[in-house]
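# Chain and residue survey
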Protein chains: 2
Amino acid sequence: MMIGGGQLARMTHQASIALGQCLRVLAAGSADPAAQVSADVVIGSHDEIDDLRRAAVGTTALTFDHEGVPLHHLQTLEAEGVAVRPPSAALHFAQDKLAMRVRLAELGLPVPDFVDLSGDRTAARAALTEFGERHHWAIVLKAVRGGYDGRGVWLTDSADEALAVLDEYDGAAELMAEQKVDMRRELSAMIARSPFGQGSAWPVVETVQRRGQCAVVLAPAPGLDDATAETAQQMALRLADELGVVGVMAMELFETVDGGLVVNELAMRPHNSGHWTMDGAVTSQFEQHLRAVLDYPLGATAPRAAVTVMANILGAVEAPAMSMDERAHHLMARMPDAKIHLYGKGERPDRKIGHVNIVGAADESVEVVRERAERAAQWMSHAEWTDGWDVHG
Amino acid sequence: MMIGGGQLARMTHQASIALGQCLRVLAAGSADPAAQVSADVVIGSHDEIDDLRRAAVGTTALTFDHEGVPLHHLQTLEAEGVAVRPPSAALHFAQDKLAMRVRLAELGLPVPDFVDLSGDRTAARAALTEFGERHHWAIVLKAVRGGYDGRGVWLTDSADEALAVLDEYDGAAELMAEQKVDMRRELSAMIARSPFGQGSAWPVVETVQRRGQCAVVLAPAPGLDDATAETAQQMALRLADELGVVGVMAMELFETVDGGLVVNELAMRPHNSGHWTMDGAVTSQFEQHLRAVLDYPLGATAPRAAVTVMANILGAVEAPAMSMDERAHHLMARMPDAKIHLYGKGERPDRKIGHVNIVGAADESVEVVRERAERAAQWMSHAEWTDGWDVHG
């Protein structure tokens, strides 16, 4: 069963059908994306141990569509014999960015310089000042826990800005700071690991971020040399092994201006950077996650085409007058090969409500496929045809 | 909503999730393949008008996973304003083989010679004797209604055998007889048609029958010349247009020894010969059926690879000691690229309980892909590795 009723659980349920299963989901309400489509829904809260217990009864394994479940609840369930996958001991590092940085550094994996600001206010201000000056205030402040899609991340350019963030969040959230990486682009290495220890990696992809969240994924990352791609895959596989991860894991990376790699974030669940696999790879991340948590052998990760591009459909600031259904009609008429994935969510500004995959034809360049995917997603988001990805960049 | 809770409804639900929908199914029980996985299940009978009404309330359109719904019920629903797709006027020809033969002949489409045996016994015996002698008793007897997967079809080799079938079923079922076609192989032309009248066709496939039912599908049909393939597609598209079909339709064909085409059967719903599209085509037959019945523009039907082979997983005469779950483990370990689709059905001899798709790699011949697909399906059926398709042929 999966904790969380969002789109990741929805698409995992979709994949479970082919495996002869029905995914049980613990959802906050029956209108949640996964609760709309699964025959086995437990309504409850991931913060309540009794709800978690109720959802776990009789299931083979318990997994997640987000990182928000309190670790001590998972430890309780584990003590009661529930197969929590990934286990709490691994998930800890996806929940706690500071612990993750420390562990990665211990393992010799490349991380940006960082500093713990979780101590008392005076110590934290001193540590931040020293750290900021060392990096000429080219730093990023982050909440140690709970941040995603741009939340809990503050880009600051000066001592005043950085210290203001620290003052504002003092007591409300544990913070840390990181060196701002001089990067060329962002990459993601998606892998899977089974309890048996089998690992598999999809091609490394490029992720394009907008307003702090993933907007577009290019699979594979254009122009990435084989050696760097393999390094990224090996880093992710090794880390999953060291941490005992079970399921899929996304290792988000920065490719630095000099061609090196730095680890940015970890997600131990299906991830936006893996949505392209639903149409562009032999095995989707959702099927692979199920295979891993159910301790099946992993599926082939080969791409189905030379290029696949995923673009997120986002809620518009002003919801278009044209309904989502009408928008889908127009897109289908214009691009019969666009693979539309809708989540059954209400439209709110910048909320991820679906995505489009375009699997490139043999003669299509990544630029052409990307332009089509972006145009499709922009249309679905805004009901406006654009000329490509420059317009809303 | 879809009438019927079988595997076709199950896989249609799976496709509906991506379109932001949840398929409502009218199922006989909660253990039906589709009822296991859909959040919107109405338990009832397709023979009861009140159950049909209950299931149809508030839905955009009503469609089918089998041909068993009484036509007069559908006519009642249509009179009450329900969008029945395909409409009863079209579905009639998929339910009634005799009416289908007559209509096809009227339209000038190639059909085997046939004779109506639904009159009184004396007239039917006389008609059968005349027909049989004309064709040297190389004939097939068929139930006009309700036959599928080998049921309701009798291959006879002599007057005695043929007349014995007539005697046995007299009164129990309306019968007809057809000339046995001297055929090279069986083909299927899958198409879709929207209410708007848009049509689309997948590549024509070869279907391999065993014990009266589809066992293997080779997509596209190996060595079929383009002109014949296009003729088959055009025949199916034209017929769908003439009959006002909405949704997907399979036209099953015989390729005669001299290279001609003869229409065998029609199915106005997703069909076993289209399962390969789930992994082997840009748009699956299930998504396409939804697009058509919901009046969306149709999706691209291009194949994703040069060869895709589908093989059915059948219940064994003696259920293997190894569980289906264990069998899946072994298959996944041995063929990481096999796409397994399980229906959540109990195992009974020759019952279709799942299928495997193998999408061929660029360098794989149809023989190699077929051998792998057959081996995978045989394993899943019998828990015995075979050396290919000759063993259980």
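Since the structure is predicted, the reported quantities are computational estimates derived from the model, not experimental observations. (Residues numbered from 1 in each chain as written. Chains lettered and ligands numbered in written order. Predicted model: local features only at pLDDT ≥ 70, side-chain atom pairs only at ≥ 80, totals over all residues. Heavy atoms only, no water.)

## Regarding the overall build of chain A
Scanning chain A from N- to C-terminus turns up twelve helices and 17 strands. Over its C-alpha trace chain A gives a radius of gyration of 21 Å, about what one expects of a compact globule, namely 21 Å for 393 residues. When the 393 residues of chain A are sorted by exposure, 59% land in the buried category. Element-wise, carbon and sulfur atoms account for 50% of the exposed surface of chain A, whose accessible area totals about 14700 Å². Positive and negative side-chain charges of chain A, numbering 34 and 55 respectively, have mean locations separated by a distance of 4 Å. (Helix = DSSP H or I, 4+ residues; strand = E, 2+ residues; numbered from the N terminus. Rg over C-alpha atoms; globule rule 2.2 N^0.38 Å. Buried < 20%, exposed > 50% of the residue type's maximum accessible area, 1.4 Å probe, protein only. Areas by Shrake-Rupley, 256 points an atom, 1.4 Å probe, with all protein chains shown as cover. Lys, Arg positive; Asp, Glu negative; His and termini not counted. Charge placed at Lys NZ, Arg CZ, Asp CG, Glu CD.)

## Some details on the sheet that holds strand β6 (residues 139–143) of chain B
Residues and elements named next belong to chain B. On the basis of which strands lie adjacent, the open sheet formed by four strands has the order β5-β8-β6-β7 and antiparallel pairing. Lying at the two open borders of the sheet, with one neighbouring strand each, are β5 (114–116) and β7 (153–156). Averaged over all pairs of adjacent strands, the angle between their axes in this sheet comes to 20 degrees, without regard to strand direction. For β5 and strand β8 (residues 175–179), the ladder comprises three bridges, and the chain directions are antiparallel. (Pairing = 2+ DSSP bridges. Axes fitted to C-alpha atoms, helices over the stretch in contact; angles between N-to-C directions.)

## Notes on the side chain of A:Thr256
All names here are of chain A. Its location among the elements puts Thr256 in strand β13 (residues 247–256). Engagement of the side chain of Thr256 in a polar contact is seen with the backbone nitrogen of Gly260, the distance being 2.8 Å. In contact with Thr256, other than residues within four places in its own chain, are Val181, Asp182, Met183, Arg184, Leu261 and Val262. (Polar contact = N/O pair within 3.5 Å; in protein donor to acceptor, adjacent residues only side chain to side chain. Contact = heavy atoms within 4.5 Å.)

## Observations regarding the interface of chain B and chain A
Counting residues at the interface gives 40 residues for chain B, matched by 40 residues for chain A. At the boundary of chain B and chain A, one finds two salt bridges. For A:Glu287, the salt bridge is made with B:Lys339, and the minimal N-O distance between the two is 2.9 Å. Our count for the chain B to chain A interface comes out at 19 residue pairs in polar contact (both at pLDDT 80 or more). Only α1 (7–18), α10 (285–293), α11 (324–334) and β16 (339–342) of chain B provide two or more residues apiece to the side of chain B that touches chain A. (Salt bridge = Lys/Arg side-chain N within 4 Å of Asp/Glu carboxyl O.)

## Looking at the packing of helix α1 (residues 7–18) of chain A against α1(B)
The axes of two packed helices give the description: the angle between them and the distance between them. Between α1(A) and α1(B), the least distance of the axes is 10 Å, while the angle of their chain directions is 160 degrees. Looking at the two axes, α1(A) sits roughly antiparallel to α1(B). Helix-helix and strand crossings are classified by hand; for α1(A) and α1(B) the assignment is left-handed. Together, A:Arg10, A:His13, A:Gln14, A:Ile17 and A:Ala18 of α1(A) and B:Arg10, B:His13, B:Gln14, B:Ile17 and B:Ala18 of α1(B) make up the contact between the two elements. Grouping the amino acids of the contact of α1(A) with α1(B) by side-chain chemistry returns four nonpolar, four polar and two charged. (Parallel < 35°, antiparallel > 145°, perpendicular 65-115°, else oblique. Left-handed = near helix turned anticlockwise from the far one by under 90°. Nonpolar A, V, L, I, M, F, W, Y, C, P; charged D, E, K, R; others polar.)

## With respect to unusual backbone geometry
A cis geometry characterises the amide bond from A:Arg85 onward to A:Pro86, with omega recorded as 0 degrees. In this structure, A:Pro86 sits in the loop between α3 (71–79) and α4 (88–95). Between B:Ala219 and the following residue, B:Pro220, the backbone shows a cis peptide bond with an omega angle of -10 degrees. Note that B:Pro220 resides in the loop between β12 (213–219) and α8 (226–243). With a phi angle near 50 degrees, A:His136 is a residue other than glycine that sits in the positive phi range. Summarising the element assignment, A:His136 is placed in the loop between α6 (121–134) and β6 (139–143). Overall, A:His136 belongs to the exposed group, its relative accessible area being 70%. Here the phi dihedral of A:Asp295 falls at roughly 60 degrees; this positive angle occurs in a residue that is not glycine. Of note, A:Asp295 is situated in the loop between α10 (285–293) and β15 (308–314).

## Notes on the relation of the copies chain B and chain A
With an axial shift of 0.0 Å and an RMSD of 0.0 Å, the rotation relating chain B to chain A amounts to 180 degrees. Taken together, the rotation and translation describe the operation of a two-fold axis. When each C-alpha of chain B is compared by its distance to the rotation axis, B:Ala39 comes out closest, at 2.1 Å. Interface overlap between copies: 100% of the residues of chain B at the interface are likewise at the interface in chain A, consistent with a symmetric, same-surface contact. (Least-squares fit on C-alpha atoms with pLDDT ≥ 70 in both.)

## Looking at the UniProt feature "binding site: ATP" (unreviewed entry) in chain A
All names here are of chain A. Summarizing the sequence annotation, UniProt attributes the feature "binding site: ATP" (unreviewed entry) to Lys97, Lys142, Glu178, Gln179, Lys180, Val181, Glu186, Asn264 and Glu265 in the numbering used throughout. The residue Lys180 is located in the loop between β8 (175–179) and β9 (183–193) in this model. Owing to a relative accessible area of 32%, Lys180 belongs among the partly exposed residues under this scheme. Every residue in contact with Lys180, bar those within four places of it in the chain, is listed here: Ala138, Ile139, Val140, Leu155, Thr156 and Asp157. At 3.3 Å, the side chain of Lys180 and the side chain of Asp157 are in polar contact. By the secondary structure assignment, Glu186 is in strand β9. Residue classification places Glu186 among the buried residues on the basis of a relative accessible area of 13%. Residue contacts for Glu186: discarding those within four places in its chain leaves Val205, Glu206, Thr207, Gln209, Leu253, Phe254 and Asn264. (UniProt positions renumbered as here; feature names shortened; annotations may be inferred.)

## Examining the domain arrangement of chain A
Residue and element names in this part refer to chain A. Looking at the assigned domains, one finds that chain A contains domain 1 (2–84), domain 2 (113–179) and domain 3 (183–382). Placing a centre on the C-alpha atoms of domain 1 and another on those of domain 3 gives a separation of 23 Å. Contact residues are listed per partner, giving 21 residues for domain 1 and 20 residues for domain 3. In total, domain 1 and domain 3 occlude about 1700 Å² of area from one another, counting both sides; carbon and sulfur atoms represent 66% of this. (Domains from an automatic or database assignment. Buried area = accessible area lost by both parts, 1.4 Å probe.)

## Description of the sheet that holds strand β1 (residues 2–3) of chain A
Residue and element names in this part refer to chain A. Pairing in this open sheet of four strands is parallel, and the strands run β3-β2-β1-β4 from one edge to the other. Of all the strands in the sheet, the pair left with one neighbour each is β3 (40–43) and β4 (63–64). Sheet topology note: the β1/strand β2 (residues 24–27) ladder contains two bridges and is parallel. Bridging from a neighbouring strand, Met2 pairs with Val25 of β2. Packed on one face of the sheet, helix α2 (residues 49–56) meets β1, β2 and β3 and runs near 165 degrees to β2.

## Thoughts on the nonpolar core
One recurring pattern in soluble globular proteins is that nonpolar side chains are buried together. Grouped together as the largest cluster of nonpolar side chains are 47 residues, with contacts concentrated most on B:Leu62, B:Leu74, B:Leu239, B:Met249, B:Met251 and B:Met268. Those elements that provide at least two residues to this core are α2 (49–56), α3 (71–79), α4 (88–95), α5 (97–106), β9 (183–193), α8, β13 (247–256) and β14 (261–267) of chain B. Split by domain, this core shows at least three residues from each of two domains, domain 1 (2–84) and domain 3 (183–382) of chain B. Once residues lying within four places of it in the same chain are set aside, the contact partners of B:Met251 are B:Leu187, B:Ser188, B:Ala189, B:Ala232, B:Met235, B:Ala236, B:Leu239, B:Val263, B:Glu265 and B:Leu266. If you look at the next biggest cluster of nonpolar residues, it comprises 46 residues, including A:Leu26, A:Leu74, A:Leu77 and A:Leu239. (Core = buried A, V, L, I, M, F, W, Y, C linked by side-chain atoms within 4.5 Å.)

## A look at the packing of α2(A) against α3(A)
Residue and element names in this part refer to chain A. Orientation of α2 relative to α3, taken along the N-to-C sense of each, is 45 degrees, at an axis distance of 10 Å. Judged on the interaxial angle alone, α3 and α2 are oblique. Judged by the twist between their axes, the crossing of α2 over α3 is right-handed. Of α3, the residues touching α2 (which contributes Ile49, Leu52 and Arg53) are His73, Thr76 and Leu77. The residue inventory of the contact of α2 with α3, partitioned by class, reads three nonpolar, two polar and one charged.

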